[in-house]
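Spelled out, the chains give:
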Amino acid sequence: MKVNVHAVNFSVDHKLVGFVQARLDKLEKYYDKIVYSDVFFKLDNTNGKANKIAEVKINVPGDEFMVKKQCKTFEEAVELAAGSMERLLVKRKQKVRVRA
């Protein structure tokens, strides 16, 4: 699957890009018709510790899913977003099966 990583107002490390690619590749187990995904990393300007935001957008034929998580680290945010995305993709797969 093609994963596009975008960092808003900072540069992203290659290890983080590799982690994101590996984690999102696992989503193909749940729904194999994923076209591509976009991941946006942002830093929240608040003084709190959980100031890192990861938005994961997945494009499937006929639909698009978006999950946004805010955590202490980008890795944790991606992990939580991927978990939520798994549930969305399973629901989508079941809907498609019911229609067919």
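Note that residues are indexed from 1 along each chain, following the sequence as it is written. Local features in a predicted model are, by the rule used here, given only for residues with pLDDT of at least 70; side-chain atom pairs are given and counted only at 80 or more, and totals for whole chains, interfaces and linings are based on all residues. In computing side-chain properties, one takes all heavy atoms of the structure into account and sets aside hydrogens as well as water.

(A) Just the packing of helix α1 (residues 14-25) against helix α2 (residues 74-99), in detail. Axis lines are fitted to C-alpha atoms, over the contacting stretch for helices. Their N-to-C directions set the angle, which ranges from 0 to 180 degrees. Runs of H or I in DSSP of at least four residues are treated as helices and runs of E of at least two as strands, each being numbered from the N terminus. With their axes 10 Å apart at the nearest point, α1 and α2 run at an angle of 15 degrees to one another. As summarised for this structure, α1 and α2 are arranged roughly parallel, according to the angle between their axes. Judged by the twist between their axes, the crossing of α1 over α2 is right-handed. Seen from α1, the contacting residues are L16, F19, V20, R23 and L24; seen from α2, they are F74, E75, V78, E79, A82, G83 and E86. Oblique is the label for any angle not covered by the other classes, which are roughly parallel (under 35 degrees), roughly antiparallel (over 145) and roughly perpendicular (65 to 115). The handedness criterion is simple: a crossing whose near helix is rotated anticlockwise from the far helix by less than a right angle is left-handed, and one whose near helix is rotated clockwise is right-handed. Residue contacts follow a heavy-atom distance rule, with two residues in contact if any of their heavy atoms lie within 4.5 Å.

(B) Inspection of the sheet that holds strand β1 (residues 2-7) at higher detail. We treat two strands as partners when DSSP finds at least two bridges between them. Strands sit in the order β1-β2-β3-β4 across an open sheet of 4 strands; the sheet is mixed. Single-partner strands in this sheet number two, and they are β1 and β4 (63-71). Going across the sheet, the axis of each strand differs from the next one's by a mean of 15 degrees, ignoring polarity. Here β1 runs beside strand β2 (residues 36-43); their pairing, made up of 6 bridges, is parallel. Within β2, the residue paired with H6 across the bridge is F40. Together, β2, β3 (52-60) and β4 form the strand contacts of α2, whose direction differs from that of β4 by roughly 150 degrees.

(C) The arrangement of the environment of L24 in detail. Residue placement: L24 occurs in helix α1. Residue classification places L24 among the buried residues on the basis of a relative accessible area of 0%. Linking L24 and F40, residues 16 residues apart in sequence, is a C-alpha distance of 13 Å. Ignoring sequence-local partners within four residues, the contact set of L24 consists of M1, V3, S37, V39, V56 and A82. For every residue, the accessible area obtained with a 1.4 Å probe (protein chains only) is divided by the maximum for its type, and the residue is called buried under 20%, exposed over 50%, and partly exposed between those limits.

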